[in-house]
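Residues per chain are reported as follows:
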Amino acid sequence: MPTLTKDEFIAAIEQMSVLDLNDLVKALETKFGVSAAAPVAVAAGGGAAAAATEEKTAFDVNLKTVDAAKKINVIKIVREVTGLGLKEAKDLVDGAPKPVKTGVTKAEADGIVAKFKDSGAEVEVK
């Protein structure tokens, strides 16, 4: 069996599809008893406390409940906040509790909550 040089091996890998590369990684993991997952650094002593105090930067705004009498106003606000069409916004409101917007900044989440404040809907930020 001929031996491939490093450059020949890289050239062969470049020609493979993503599915073939995935199969290759799995076969290598099985053959050598290793994992291709990135190693996770373990924090020593005080590192755990520092990680616990990190400030959260992405928030989710969830629609919890809707007052049936004010449903139309809530749908209008959902459309304004999300850019959804009328049907999609109505479905979201009818399906509460559901997320309205995910991965937003604290300021944006606070702005969304303010819009819902007197609308007849209960929202929460997680």
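We now turn to the structure provided with this report.

Procedures and definitions
Residues numbered from 1 in each chain as written. Predicted model: local features only at pLDDT ≥ 70, side-chain atom pairs only at ≥ 80, totals over all residues. Heavy atoms only, no water. Patch = residues over 30% accessible without salt bridge, like charges linked within 9 Å, V, L, I, M, F, W, Y side chains within 5 Å. Areas by Shrake-Rupley, 256 points an atom, 1.4 Å probe, with all protein chains shown as cover. Salt bridge = Lys/Arg side-chain N within 4 Å of Asp/Glu carboxyl O. Helix = DSSP H or I, 4+ residues; strand = E, 2+ residues; numbered from the N terminus. Buried < 20%, exposed > 50% of the residue type's maximum accessible area, 1.4 Å probe, protein only. Polar contact = N/O pair within 3.5 Å; in protein donor to acceptor, adjacent residues only side chain to side chain. Contact = heavy atoms within 4.5 Å. Axes fitted to C-alpha atoms, helices over the stretch in contact; angles between N-to-C directions. Parallel < 35°, antiparallel > 145°, perpendicular 65-115°, else oblique. Left-handed = near helix turned anticlockwise from the far one by under 90°. Expected span 1.5 Å × (residues − 1). Pairing = 2+ DSSP bridges.

### So, a nonpolar patch on the surface
Then comes step 1: On the surface, L28, F32 and V34 cluster together to form a nonpolar patch covering roughly 300 Å² of accessible area.
Then comes step 2: Relative to the elements of secondary structure, F32 occurs in helix α2 (residues 18-32).

### A short note on the side chain of S119
Then comes step 1: Examined against the element boundaries, S119 turns out to sit in the loop between α6 (106-116) and β3 (121-125).
Then comes step 2: Owing to a relative accessible area of 4%, S119 belongs among the buried residues under this scheme.
Then comes step 3: Polar side-chain contacts of S119 include one of 2.8 Å to the backbone oxygen of F116.
Then comes step 4: A distance of 3.3 Å separates a polar atom in the side chain of S119 from the backbone nitrogen of A121.
Then comes step 5: Not counting the four nearest positions on each side in its chain, S119 is found in contact with K70, N73, V74 and I77.

### Some words on the packing of helix α4 (residues 71-82) against helix α5 (residues 86-94)
Then comes step 1: Look at α4 against α5: their axes get within 9 Å of each other, and the N-to-C directions meet at 120°. Put simply, α4 runs oblique to α5. Crossing geometry of α4 relative to α5 is assigned as right-handed. Only L86, A89, K90, L92, V93 and D94 of α5 make contact with α4, whose side of the interface consists of K71, V74, I75, V78 and R79.

### Remarks on α2
Then comes step 1: Taking 1.5 Å per residue as the helical rise, α2 with its 15 residues ought to reach 21 Å, and the 21 Å between its terminal C-alpha atoms agrees with that figure.
Then comes step 2: Taken from the residues just after α2, G33 is the one with a positive phi, measuring 65°.

### Here we look at the pairing of strand β1 (residues 59-66)
Then comes step 1: Across four bridges, the pairing between β1 and strand β2 (residues 98-104) is antiparallel. Across the sheet, N62 pairs through a bridge with P99, a residue of β2.
Then comes step 2: As judged from the five bridges shared by β1 and β3, these two strands associate in the antiparallel manner. Paired with N62 across the strands is E124, a residue of β3.

### With respect to the pattern of salt bridges
Then comes step 1: Enumeration according to the criterion identifies eight salt bridges in this entry.
Then comes step 2: Where K101 meets E108, a salt bridge forms, and the shortest distance between an N and an O atom there is 3.2 Å.
Then comes step 3: Judged by relative accessible area, which is 34%, E108 ranks as partly exposed.
Then comes step 4: Residues E124 and K126 are paired through a salt bridge, measuring 3.7 Å at the closest nitrogen-oxygen approach.
Then comes step 5: Overall, E124 belongs to the partly exposed group, its relative accessible area being 25%.
Then comes step 6: One salt-bridge network, held together by shared partners, links K71, K90 and D94.

Coordinates in, geometry out; function isn't part of it.
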